[in-house]
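Below are the chains, spelled out letter by letter.
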2 protein chains.
Amino acid sequence: MKRRNTQSKEAVLSALANSSKAMSQDAIEKKMTVNVDRATIYRILNRFCDDGVIHKIIADDGKQYFALCVKCDDSEKMPDNHFHFRCINCQTIECLPSIVNFSLPAGYQVDRLNCVLVGTCKDCA
Amino acid sequence: MKRRNTQSKEAVLSALANSSKAMSQDAIEKKMTVNVDRATIYRILNRFCDDGVIHKIIADDGKQYFALCVKCDDSEKMPDNHFHFRCINCQTIECLPSIVNFSLPAGYQVDRLNCVLVGTCKDCA
DNA sequence: TCACTATCGCAACAAAGTCGCATTAGTAAG
DNA sequence: CTTACTAATGCGACTTTGTTGCGATAGTGA
């Protein structure tokens, strides 16, 4: 099925594009000027994820955050293989430049990873 | 306030102690022989976390998992600073021996971390 | 302009956790 | 062994986050 260009889709995309950080659905909704239904935003975000436009991070608060990460394009084997940082103060998540390195016991196979560091970011220090 | 030794508390603890892996609330409830209310189990688990008996991991499914980790005692500066592995197949999470190493841009301060690798564990390979 | 169907809005639902409150039951003192 | 104190429990209600069904709306290409 072909994707269509809708106003809602563009609004979500520009909300993400104008932020250097990952945002949750409600943060995106707050930032958007047009009014779009909650379910629709989730559908748009999930579609973007499927298409590889954005990626999803599950933070330690259990919520989903979405980011338009520049690192997504040059995904060699593991997409989204960098650390994320969640600031307790400003409630945002950002992609860190540092790649996750790990050693694995024999027999394990990693498909994806979800690594979040939690603390205070440079803007909130 | 002083902690009391209750049957429920012991039941939760032994469920965790008999498992080498981290478990979610519902997994713990299923494993217990005595019948304990959902809310109570959560309260017991949160109490254990406060007391440093167990630690909590948020997996990439957004759920909380709890583990009685041996690494918890020798926590120098950062408690729970190791990787976790979530097996897609057996739906369990285990603590990996590998410590999380990361480099941080200036100005950031990390309080805790939540790193989960997702894939297939050695038992399910 | 028209037909096709992706997308949307709304409402209902589900799962995971939390909280208030009355009741129950450890614990320690008498 | 009683008794009093209060931590802990069970129940129910509630919140939050996310998903899904369905009829209505609106891109898109012919």
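See the structure above.
Criteria and thresholds
Residues numbered from 1 in each chain as written. Chains lettered and ligands numbered in written order. Predicted model: local features only at pLDDT ≥ 70, side-chain atom pairs only at ≥ 80, totals over all residues. Heavy atoms only, no water. Phe/Tyr/Trp six-rings, centres within 6.5 Å; stacked < 30°, edge-to-face > 60°. Helix = DSSP H or I, 4+ residues; strand = E, 2+ residues; numbered from the N terminus. Buried < 20%, exposed > 50% of the residue type's maximum accessible area, 1.4 Å probe, protein only. Pairing = 2+ DSSP bridges. Polar contact = N/O pair within 3.5 Å; in protein donor to acceptor, adjacent residues only side chain to side chain. Contact = heavy atoms within 4.5 Å. Near = heavy atom within 4 Å. Nonpolar A, V, L, I, M, F, W, Y, C, P; charged D, E, K, R; others polar.

Draft legend 1. Inspection of the packing of aromatic side chains at higher detail. Applying the stated criterion across every chain, the model contains 4 aromatic pairs over all chains. Consider the rings of Tyr 108 of chain A and Phe 85 of chain B, whose centres lie 4.9 Å apart with planes at 80°: the pair is edge-to-face. Residue Tyr 108 of chain A is located in the loop between strand E4 (93-99) and strand E5 (109-120), and its partner Phe 85 of chain B is located in strand E3 (residues 82-87); the two belong to separate chains. Judged by relative accessible area, Phe 85 of chain B falls into the buried class, the value being 1%.

Draft legend 2. Quick peek at the pairing of strand E1 (residues 55-58) of chain B. Residues and elements named next belong to chain B. In the sheet, E1 pairs with strand E2 (residues 64-67) via 4 bridges, with the strands oriented antiparallel. Looking across to E2, one finds that His 55 is bridged to Ala 67. Counting the residues that bridge the hairpin from E1 to E2 gives 5 residues, and of these Gly 62 lies at a positive phi of roughly 80°.

Draft legend 3. Layout of the side chain of Asp 60 of chain A. Assignment of secondary structure puts Asp 60 of chain A in the loop between strand E1 (55-58) and strand E2 (64-67). On the basis of relative accessible area, Asp 60 of chain A is assigned to the buried category, the value being 12%. Among the polar contacts listed, one links the side chain of Asp 60 of chain A to the side chain of Arg 86 of chain A, at a separation of 2.5 Å. In terms of polar contacts, Asp 60 of chain A uses its side chain to reach the side chain of Arg 112 of chain B, at 3.1 Å. When neighbours within four sequence positions are excluded, Asp 60 of chain A is seen to be in contact with Arg 86 and Val 118 of chain A together with Ile 58, Arg 112 and Asn 114 of chain B.

Draft legend 4. Layout of the protein's contact with DNA strand C. In the vicinity of DNA strand C there are 23 residues, among which Arg 4 of chain A together with Arg 4, Arg 38, Tyr 42 and Gln 64 of chain B approach most closely. A distance of 2.3 Å separates a phosphate oxygen of DNA strand C from a polar side-chain atom of Tyr 42 of chain B. Secondary-structure elements contributing two or more residues to the surface near DNA strand C are helix H3 (38-51) of chain A together with helix H3 (38-51) of chain B. Tallied by class, the residues present in the surface near DNA strand C amount to 6 nonpolar, 7 polar and 10 charged.

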